[in-house]
Amino acid sequence: MVRALRNSLFGQLFLGAIVVAIILAFLFTGTGGGGSLESECALQVGKSCISPKEYFASFNLIRNRITEKGVKQLQLQKQAALGLVEREALLKEAMVLGISSSQDAVDNEAMQGRAHASLPVAGADRLALSIGMCVPTEAGCAPGTVGIRTVPVKKNGKFNFAVYKRNIQNITGRSPNHFKEMQVKELTASRMRHLIKSQVRVSTEEAFLAYSRARSRVRARIANLSSDWFSRFSRPETEDELTAWSKDHSEELSEAVTAAKEEWPMGCAVVREIVLSTNDETETKEGKALLNKLKVTARSEARFDRAARQYSTKDSASLGGRVTCLYEGAAGSSPEALAAVSRLKKRGDISPVLESSRGLELIQLLGV
């Protein structure tokens, strides 16, 4: 019976209809195989599906010529995904508000060689500066330029479609038509970002705080380093090692001692100093109060060292205020400091607050 059905005209039509139905089922449902890149979703935002080809087009536009190491450090794959998710959310709102982008606007951007890709709003300016996707200024990215990649599109100073097509395909792997569809979405999302930002009102205080955070510069004058951490990578020299080294370098040591004799006359004092430069009576009053406080709180050599690094305005601050040798005629010495040091009795003693031509001084004796 089956053979008769298959040999008859009706049977052949019936079997042919079954085959066609199976083929259509495979085409429209994607079952029984991996499916095409266009039918799969690299990202899904609500009912919106972003295909792998569109994701890689956006990622490659963001990446451009960034190295693999840079891609990992900046997490560009994640940034591209977040940017596309935000774009789809913005497009949903744009549809509700009836906002879109015209074909003329997209064509104009293409003729100017500007390709758009969405960057996540959190840290967008910093990321755009890092990967060259904005117009840089002293204050950061120029307004309205975040997420723009420049693409060569001109030949002999004029727009050339062949050049545009070649570069777009090389960078994104998309045809001009598919890329144009993507750019319509990007420009619409960009319009939504500008619309949202235009509704924001920032107080003068908050604006100045943001500006000061972005433009202020801080110089660290002191840092606490743990000896325990460094001890893992080095060890102190023993007496035997120092003795052996001095024997092997005796000539060098003799030359160094001879050269330093003029800076170390007999009986000169080795000290630490904190010197404050003042310009008016107010600064002088505040400086005296600070040094009098330090005289009490920084009595140990270690604390005086830190205070000198933090507050002193002279070059010796980088050495914890240490001066090689204080004697009459030495560079940086003052009569007031010499007189005060002569009255200090033992190591660690600190002078009163001194006023000299150098400013306000506080001296700690280390040895004679």
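Residues numbered from 1 in each chain as written. Predicted model: local features only at pLDDT ≥ 70, side-chain atom pairs only at ≥ 80, totals over all residues. Heavy atoms only, no water.

As a further point, take helix 5 (residues 76-97). Along its 22 residues, helix 5 runs 31 Å from first to last C-alpha, staying within 8% of the 32 Å computed at 1.5 Å per residue. Within helix 5 the residues assigned to the buried category are Leu76, Gln79, Ala80, Ala81, Gly83, Leu84, Arg87, Glu88, Leu90, Leu91 and Ala94. Immediately beyond the C-terminal end of helix 5, within one or two residues, lies Gly98, with a positive phi of roughly 75°. (Helix = DSSP H or I, 4+ residues; strand = E, 2+ residues; numbered from the N terminus. Expected span 1.5 Å × (residues − 1). Buried < 20%, exposed > 50% of the residue type's maximum accessible area, 1.4 Å probe, protein only.)

It is worth spelling out helix 9 (residues 176-198) at this point. Its 23 residues give helix 9 an end-to-end C-alpha distance of 32 Å, which sits within 8% of 33 Å, the value for a rise of 1.5 Å per residue. All of the buried residues in helix 9 are Pro176, Phe179, Met182, Gln183, Val184, Glu186, Leu187, Thr188, Ala189, Ser190 and Met192. Where helix 9 is buried, its residues touch helix 3 (52-63), helix 5, helix 6 (103-111), strand 3 (114-116) and helix 8 (161-172). (Contact = heavy atoms within 4.5 Å.)

Further remarks concern the sheet that holds strand 12 (residues 359-367). One open sheet holds the four strands; their spatial order is 10-9-12-11, and the pairing between them is antiparallel. Looking at which strands have only one partner, the edges of the open sheet turn out to be strand 10 (322-326) and strand 11 (354-356). Mean inter-strand twist for the sheet, computed between neighbouring axes without regard to direction, equals 45°. Taken strand by strand, helix 15 (residues 301-311) contacts strand 9 (269-276) and strand 12, and its axis lies near 40° from that of strand 9. (Pairing = 2+ DSSP bridges. Axes fitted to C-alpha atoms, helices over the stretch in contact; angles between N-to-C directions.)

On the surface, a cluster of negative charge is made up of Asp280, Glu281, Glu283 and Glu286. In this fold, Glu283 is placed in helix 14 (residues 281-297). (Patch = residues over 30% accessible without salt bridge, like charges linked within 9 Å, V, L, I, M, F, W, Y side chains within 5 Å. Areas by Shrake-Rupley, 256 points an atom, 1.4 Å probe, with all protein chains shown as cover. Salt bridge = Lys/Arg side-chain N within 4 Å of Asp/Glu carboxyl O. Lys, Arg positive; Asp, Glu negative; His and termini not counted. Charge placed at Lys NZ, Arg CZ, Asp CG, Glu CD.)

Considering all chains together, one arrives at four aromatic pairs under this definition. For the ring pair Phe159 and Tyr164, a centre distance of 5.8 Å and an interplane angle of 50° mean the geometry is tilted. Classification of Phe159 as partly exposed rests on a relative accessible area of 30%. Overall, Tyr164 belongs to the buried group, its relative accessible area being 8%. Ring geometry for Phe161 against Tyr164: centres 6.0 Å apart, planes inclined by 45°, an arrangement best described as tilted. Placement of the pair is Phe161 and Tyr164 together in helix 8, with a separation of three residues, close to one helical turn. (Phe/Tyr/Trp six-rings, centres within 6.5 Å; stacked < 30°, edge-to-face > 60°.)

Below, the discussion takes up unusual backbone geometry. Notably, Asn64 is not glycine yet its phi reads approximately 55°, a positive angle. The topology assignment puts Asn64 in the loop between helix 3 and helix 4 (68-74). For Asn64, a relative accessible area of 34% gives the class partly exposed. Located in the positive-phi region is Asn156, a residue other than glycine, with phi close to 60°. In this structure Asn156 comes out as exposed when scored by relative accessible area, which is 76%.

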